[in-house]
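So you can see what is in the structure, the chains are spelled out below.
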Amino acid sequence: QVQLVESGGGLVQSGGSLGLSCVASGSILIIYSIGWYRQAPGKQRELVATSFTGGDTYYGDSVKGRVTLSRDNAKNMAYLQMNSLTPEDTAVYYCNALIKSGNSRPDTYWGQGTQVTVSS
C-alpha cells in the first residue's frame, strides 16, 4: 500500500511565500513521477508542477516562474516552493505520483489535499 502525505498548507498574504511537502510511503519500488495539482472552488483540477524521475520537470502556465519543485529521492519526497502568491493561487493542493509497488503495474496515487489560502 502506498500513501502520499502532504504538509505545509495554510494562510498567507498576497505576495508571500509558502512551501508544501509530500512524502510517499509504503511498498514503493519506483517513483516514475511526483508533483502537485490544485483545485480551486468551481474549477477543474490543474497541474502545478510535476517531476519525472531522470527527466524533466513541468510547470503549469499559471505558476511558471513563481514555483519550484524539488525532490529528495532518498526520502521519496517532493517539495514545492511557491513565491509571489496571489489570491488566484487559493486552492486545495494535491500531491500526485505515479508509482510502481510490489509486483503490480504502476498506478497513480493522490494525497488527501492541503488547503492554501492567499489573502488580499
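Note that the structure is predicted; figures quoted are calculated from it, not measured. (Residues numbered from 1 in each chain as written. Predicted model: local features only at pLDDT ≥ 70, side-chain atom pairs only at ≥ 80, totals over all residues. Heavy atoms only, no water.)

**Quick look at a nonpolar patch on the surface**
Link 1 in the chain: On the surface, a cluster of nonpolar side chains totalling about 270 Å² of accessible area is made up of L29, I30 and Y32.
Link 2 in the chain: Of note, L29 is situated in the loop between β3 (18-26) and β4 (30-39). (Patch = residues over 30% accessible without salt bridge, like charges linked within 9 Å, V, L, I, M, F, W, Y side chains within 5 Å. Areas by Shrake-Rupley, 256 points an atom, 1.4 Å probe, with all protein chains shown as cover. Salt bridge = Lys/Arg side-chain N within 4 Å of Asp/Glu carboxyl O. Helix = DSSP H or I, 4+ residues; strand = E, 2+ residues; numbered from the N terminus.)

**Describing the pairing of β3**
Link 1 in the chain: With 6 bridges connecting them, strand β1 (residues 2-7) and β3 associate as antiparallel partners. For E6, the partnering residue across the bridge sits in β3 and is C22.
Link 2 in the chain: Where β3 meets strand β8 (residues 77-82), 6 bridges bridge the pair, whose relative direction is antiparallel. Bridge pairing in β8 places L18 opposite M82. (Pairing = 2+ DSSP bridges.)

**Describing the environment of G9**
Link 1 in the chain: Relative to the helices and strands, G9 resides in the loop between β1 and β2 (10-13).
Link 2 in the chain: Overall, G9 belongs to the partly exposed group, its relative accessible area being 34%.
Link 3 in the chain: Between the C-alpha atoms of G9 and W110, which are 101 residues apart in sequence, the distance is 16 Å.
Link 4 in the chain: When neighbours within four sequence positions are excluded, G9 is seen to be in contact with L18, L20, T114, Q115 and V116. (Buried < 20%, exposed > 50% of the residue type's maximum accessible area, 1.4 Å probe, protein only. Contact = heavy atoms within 4.5 Å.)

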